Amino acid sequence: MAKIIAGIGSSHVPAIGAALDNGKTEEPYWKRVFSGFEKSKEWMAKTKPDVAIVVYNDHASAFSVEMIPTFALGCAAEFPPADEGWGPRPVPVVKGHPALAAHIAQSVILDEFDLTIVNKMEVDHGLTVPMNLLFGQPKDAWPCPVIPLAVNVVMYPPPTGHRCYMLGKALRRAVESYPEDLKVVIFGTGGLSHQISGPRAGLINSKWDKSFLDNLSKDQKKLTRIPHLEYMREAGAEGIEMVMWLIMRGALDDKVDEVYRFYTVPASNTAVGHIILENARKASGTRKVAGKSKRGSAGKSRQAAARKSIHRIASKGTR
Ligand SMILES: [Fe+2]
């Protein structure tokens, strides 16, 4: 059985990618940022996931204003880096995991989350920057396949934090119903507080950011009740990206261990936040079994009913 073992929250500031690509990581301004991810890279190298699900948002690279899916799941075999105006980033092509992605699409959609299935998509800094921060700068290939999950946070209305959290739970049910033994990690990316235009450009709210990071392990349900307006008011217009962290959080146990945190300001006028959460080790088996039977049975019965109705439609069609 596949299993989500940990969640990673990380900002995806585009200037971090530019600093990497232009050899500026040792400059004092950027060293402060990159040094905060050294332990994370060690953790990732030790964890060695088989697959990473990366929740991020597309910044008008793969999708334009002509088509804006709320949740888009990348089911392709590969995802080339997008040209964001100065050529594609010099990072390896992201290899997907089409079999697991197709399974997730089926499970999550039959679980009543209507994802958009994307079979061709380029990925921008929203996905590649957090990959660099956790996996370093591989020349030829990323160390594991990646399933991108793009979320609309660029045009109103983005999904609510609660919807994102519940999608995380559906993703977990999907992964845990995949028969192959796979260690899966899930990234929630974006944020933290920042606003890139208008009279409040440059807004950073460290107090609010830290409270958000604290509550990822202390009171995640409180985070799911934050309305869009509070993100906008407290964390800036682009702070709404933080709802994507709640997909990651929903995919984990109710109780988690915070194994690492890093926060620094500013990086290109943005607060950089990072956290690693692992499912709590103590008595996790008991809790998981109890939780799984409750959530799993509801999800399974909905899926079974949906599959039956699909079968009925198919049977009619052949008559
Ligand atoms: Fe972003």
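Residues numbered from 1 in each chain as written. Predicted model: local features only at pLDDT ≥ 70, side-chain atom pairs only at ≥ 80, totals over all residues. Heavy atoms only, no water.

Novice: Please clarify how helix H7 (residues 206–218) should be interpreted in this entry.
Specialist: Here H7 spans 18 Å end to end across 13 residues, near enough to the 18 Å set by a 1.5 Å rise per residue. On its buried side, H7 packs onto helix H8 (220–224), helix H9 (228–235), helix H10 (243–250), strand S9 (256–267) and strand S10 (270–279). (Helix = DSSP H or I, 4+ residues; strand = E, 2+ residues; numbered from the N terminus. Expected span 1.5 Å × (residues − 1). Contact = heavy atoms within 4.5 Å.)

Novice: Can you help me understand the side chain of histidine 12 in this one?
Specialist: Turning to its location among the elements, histidine 12 is positioned in the loop between strand S1 (3–10) and helix H1 (14–21). By relative accessible area, histidine 12 is classed as buried at 3%. Among the polar contacts made by the side chain of histidine 12, one reaches the side chain of histidine 59 at a distance of 3.3 Å. (Buried < 20%, exposed > 50% of the residue type's maximum accessible area, 1.4 Å probe, protein only. Polar contact = N/O pair within 3.5 Å; in protein donor to acceptor, adjacent residues only side chain to side chain.)

Novice: Even after reading the chapter, I still don't get the sheet that holds strand S7 (residues 146–151), so can you show me in this structure?
Specialist: The strands that make up a sheet pair up through hydrogen bonds in the backbone, lying either parallel or antiparallel. Taking strand neighbours across the sheet as the criterion, the 8 strands line up as S6-S3-S7-S2-S8-S1-S10-S9 in an open arrangement whose pairing is mixed. Both edges of this open sheet fall to strand S6 (116–118) and S9, since each of them pairs with a single strand only. Between one strand axis and the next, the sheet turns through 20 degrees on average, direction left out of account. Where strand S2 (residues 51–56) meets S7, 5 bridges bridge the pair, whose relative direction is parallel. Following the sheet pairing, isoleucine 53 is matched in S7 by isoleucine 147. (Pairing = 2+ DSSP bridges. Axes fitted to C-alpha atoms, helices over the stretch in contact; angles between N-to-C directions.)

Novice: Sorry, what's going on with the side chain of asparagine 279 here?
Specialist: Structurally, asparagine 279 is set in strand S10. Polar contacts involving the side chain of asparagine 279 include one to the main-chain carbonyl oxygen of isoleucine 4, which spans 3.2 Å. Among the polar contacts made by the side chain of asparagine 279, one reaches the main-chain amide nitrogen of aspartate 253 at a distance of 2.7 Å. Dropping the residues within four chain positions of it, asparagine 279 is found in contact with Ile4, Ile5, Leu252, Asp253, Lys255, Val256 and Asp257.

Novice: Would you mind showing me how to read the packing of helix H4 (residues 98–110) against helix H6 (residues 161–176) here?
Specialist: For any two helices packed against each other, the geometry is given by the interaxial angle and the distance between the axes. Remark: H4 packs on H6, axes separated minimally by 9 Å, with the N-to-C direction vectors making an angle of 125 degrees. With respect to their mutual orientation, H4 and H6 come out oblique. In this structure, the crossing between H4 and H6 has a hand that is right-handed. Of the residues in H6, those touching H4 at His103, Ile104, Ser107 and Val108 are Leu167, Ala170, Leu171, Arg173, Ala174 and Val175. Here the residues of the contact of H4 with H6 sort into 7 nonpolar, 2 polar and 1 charged. (Parallel < 35°, antiparallel > 145°, perpendicular 65-115°, else oblique. Left-handed = near helix turned anticlockwise from the far one by under 90°. Nonpolar A, V, L, I, M, F, W, Y, C, P; charged D, E, K, R; others polar.)

Novice: For this particular structure, what's the right way to read the pairing of S1?
Specialist: Each regular strand carries side chains that alternate between the two faces of the sheet. Of all 8 residues making up S1, 6 are buried, and the element is well covered by its neighbours. Looking at chain direction, S1 and strand S8 (residues 183–189) are connected through 7 bridges and run parallel. Looking at S8, one finds that isoleucine 4 is bridged to valine 184. Looking at chain direction, S1 and S10 are connected through 5 bridges and run antiparallel. By the bridge assignment, isoleucine 8 is partnered in S10 with isoleucine 276.

Novice: Even after reading the chapter, I still don't get the confidence of the model for the chain, so can you show me in this structure?
Specialist: Atom-level detail of predicted coordinates should not be read off regions where pLDDT is low. Across the chain, the average pLDDT comes to 91, with 88% of residues at 70 or higher. Under a pLDDT of 50 for its full length, residues 283–296 has, in the predicted model, 16 contacts with residues more than four places off or in other chains. Scored below 50 in pLDDT, residues 307–319 makes 3 contacts in the model with residues more than four places away or belonging to other chains. (pLDDT = per-residue confidence, 0-100.)

Novice: Sorry if this is basic, but what is going on with the packing of aromatic side chains here?
Specialist: By convention here, two paired aromatic rings are described through the distance between centres and the angle between planes. Counting across every chain of the model gives 7 aromatic pairs. Here tryptophan 208 and tyrosine 231 contribute two aromatic rings whose centre-to-centre distance is 5.6 Å and whose plane-to-plane angle is 75 degrees, an arrangement assigned as edge-to-face. Here the residue tryptophan 208 occupies a position in helix H7, and tyrosine 231 occupies one in helix H9, the gap between them amounting to 23 residues. Across this residue pair, the class does not change: tryptophan 208 and tyrosine 231 are buried. Summarising the aromatic geometry, the rings of phenylalanine 212 and tryptophan 245 are spaced 6.3 Å apart at their centres and angled 80 degrees between planes, so their arrangement reads as edge-to-face. Residue phenylalanine 212 is found in helix H7, and its partner tryptophan 245 is found in helix H10; the two are separated by 33 residues along the sequence. (Phe/Tyr/Trp six-rings, centres within 6.5 Å; stacked < 30°, edge-to-face > 60°.)

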